[in-house]
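Chain by chain, the residues:
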Amino acid sequence: MRCMKVYRFCSVLFFATAISNASLADGLTYDVDSEVKKAADLCDKGDYSSGSEIYIKLLNEKLAGLLPMERFNLIKVLAECDRPLLAIDELKRLLKTEPQVVEAELLLAKLLSWNGYLLEAEAVAKNILSYSPKHYEARLVWANAANWRGDYASALPLYRGVLSEKENFDARLNYTYALLATADYHEAKISHWWLYAGSKSNKHTVFDVNQALIDQSKESISWQTEYLAEQGDSRRLNQRLSFNVPFNFSNLSVTLRHQQTSAPWVADVQALDEIEVEGNWRLSSGWKVYGELGRVVATTQNERHLNAEIGSLLQMNRWLWNVTLRSELFDSSAAILAKNIQRQYVYSDVQYTFNDWLRMNGDLQATTYSDVNRSYEGSIHFRYALRLLKPRIEVGYKYFEQGFQYQKYDYYSPDKSGLGQLTLGFNGSSEQVYISGEFFYGRQKTSMQNFKQLDNVAGLTLNLNYSVSQTLSINGSLEGGDYALGVPDGYYYYMATVGVSLFF
């Protein structure tokens, strides 16, 4: 804090001198020196609004008399006065007339990345590198922006490049966290020791990294209960007990599951038990494969089945692509489970980020059933951010469609159903809490055996994870929807989940 005050005092003296000289040239009547000092004093006291107004006034009134670097330095103090968005706007104005002020471009890239404009920050950093290919700080900004939006395949090589030239605490810190995110625990431990060696004034930060390293490489036991209630008094209770063991670049878990489902039109409570083994392996910083094998016993009918899944997730730059192949016992309701229906499907999900504000994801699933039926379902969802920083708030539009080859009475199987909905989503986090959710409202059109229906629909999802301590976390979710608003016998459901995880 003392260093920051000394730096700010020196900056104020420089700016006051430069701007005061300019004031003599154009004959301004007020004392610019005192105005700059007044603004700095207000900012030091936390009155950022009043202080920044003075800086903006000086920038506007002295624009013609300021040299590019004088103008840039004044904008830099404006950013330090907790007005980064105003500083971003002023830097863009400056760079329109003075595109070769590298310091201004670099500060713009940093401010953009710190305020959630990650793709825009990358674009500015890349522009600097187009005429200065070895620029250290520009490469670091690019690495940080890519890291913070989850593009580790781009970020990790950039970090290695800058750290091979010169050790930098911030670069090392973010590099270590990126390694942890890609489950490279071995390299993260090595990087952590480099961080520790250069951490004379950052011991608290190093402690946080060390704790993150310990936490993410811990074994854990998790218990989860899920309760589903649907229209018609149909119920489902799902309980899971999981043992999870992380390895370098991989993860293995064993889960015991017990499920009970009931419905008034099904004579017996339908129950099943399953033991499943799941694993995932990261082949590179942007590519992961995963698989699952499960042995299921439908205890009510004393039937045995095998669930199996294999998939691949690829993330590169702005793209994320996920493909899954799965064969399983269809167990979503009592009526379905009583029929011992197997299903196999291929599922693909693609996500693309257009810019910092707009993103899209679409998915498609094709399914075959053992009762000689087939279905398809797909959706496309566009989201636009109203707020980039936490909590991130997005509005969107989603269209979902599904259809079946044959209509069955054991499960919902329309000829065709299309649902268009407006969405409002959010997510945010603190040191201990992560929360996210989405609300939707729309119209659904259904066609089934020559019967057509148009309904208003609404629903929500809420998710919460709370880290009680280093060894205990609690999570919960709530999901529900009414797919025929205002219709007494229309379909509705709600589902609640609660879970506990112990780390050791």
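Refer to the structure above for everything that follows.
Please read all numbers here as calculations on a predicted model, not as lab measurements. (Residues numbered from 1 in each chain as written. Predicted model: local features only at pLDDT ≥ 70, side-chain atom pairs only at ≥ 80, totals over all residues. Heavy atoms only, no water.)

Right, let's get into the overall build of the chain. The helix and strand inventory of the chain stands at 13 helices and 16 strands. Within the chain, contacts between residues separated by at least 24 positions form 47% of all contacts whose residues are at least 6 apart in sequence. Counting every atom, the chain has about 26100 Å² of accessible surface; 59% of that belongs to carbon and sulfur. (Helix = DSSP H or I, 4+ residues; strand = E, 2+ residues; numbered from the N terminus. Contact = heavy atoms within 4.5 Å. Areas by Shrake-Rupley, 256 points an atom, 1.4 Å probe, with all protein chains shown as cover.)

Bringing the nonpolar core into the picture now. Ranked by size, the top nonpolar core spans 42 residues in total, and within it Y55, L91, A104, L108, L111 and L112 carry the most contacts. Contributions of two or more residues to this core are made by helix 2 (32-44), helix 3 (48-61), helix 4 (68-80), helix 5 (84-97), helix 6 (102-114), helix 7 (118-131) and helix 8 (136-148). Here this core gets 7 residues from one element, more than from any other, and that element is helix 6. When sequence neighbours within four positions are dropped, the list of residues in contact with L112 reads I88, Y117, L118, E120, A121 and V124. Residues L140, L156, Y159 and Y175 belong to the second largest nonpolar core, which totals 19 residues. (Core = buried A, V, L, I, M, F, W, Y, C linked by side-chain atoms within 4.5 Å. Buried < 20%, exposed > 50% of the residue type's maximum accessible area, 1.4 Å probe, protein only.)

At the junction of K390 and P391, the peptide bond is cis and its omega measures out at -5 degrees in the coordinates. Looking at where P391 falls in the secondary structure, it is placed in the loop between strand 10 (373-387) and strand 11 (392-404). A positive phi angle is found at D233, which is not glycine, with a value near 65 degrees. Despite not being glycine, N317 shows a phi value in the positive range, around 55 degrees.

A surface patch of nonpolar side chains, amounting to about 710 Å² of accessible area, comprises W223, L241, F243, L256, I275, Y466, V468, I474 and V498. Going through the elements one at a time, strand 2 (234-247) and strand 14 (451-469) are the ones with two or more residues in the nonpolar patch. Inspection of the secondary structure puts Y466 in strand 14. Take Y466: its relative accessible area is 34%, and that puts it in the partly exposed class. (Patch = residues over 30% accessible without salt bridge, like charges linked within 9 Å, V, L, I, M, F, W, Y side chains within 5 Å. Salt bridge = Lys/Arg side-chain N within 4 Å of Asp/Glu carboxyl O.)

For the structure shown, the criterion picks out 1 disulfide. Disulfide partner of C43: C81, at an S-S distance of 1.7 Å. Looking down the S-S bond of the C43 and C81 bridge, the torsion is -85 degrees, so its handedness is left-handed. Taken as a pair, C43 in helix 2 and C81 in the loop between helix 4 and helix 5 lie far apart in primary sequence, 38 residues in all. Judged by its relative accessible area of 3%, C43 falls in the buried class. (Disulfide = S-S within 2.5 Å.)

On inspection of all chains with the given rule, the structure shows 14 aromatic pairs. For the pair Y117 and W357, a centre-to-centre distance of 5.6 Å together with 70 degrees between the ring planes defines the contact as edge-to-face. Note that Y117 is positioned in the loop between helix 6 and helix 7 and W357 in the loop between strand 8 (342-353) and strand 9 (358-369), a separation of 240 residues in sequence. We classify Y117 as buried; its relative accessible area is 16%. Here Y352 and F354 contribute two aromatic rings whose centre-to-centre distance is 5.0 Å and whose plane-to-plane angle is 90 degrees, an arrangement assigned as edge-to-face. (Phe/Tyr/Trp six-rings, centres within 6.5 Å; stacked < 30°, edge-to-face > 60°.)

Compared with an ideal rise of 1.5 Å per residue, which puts 13 residues at 18 Å, helix 6 spans 18 Å between its outermost C-alpha atoms and is within 8% of the ideal. All of the buried residues in helix 6 are A104, E105, L106, L107, L108, A109, L111, L112 and S113. Considering only its buried residues, helix 6 is in contact with helix 4, helix 5, helix 7 and helix 8. At the exit of helix 6 stands G116, carrying a positive phi of roughly 90 degrees. (Expected span 1.5 Å × (residues − 1).)

Everything listed here is a matter of geometry and, on its own, says nothing about what the molecule does.
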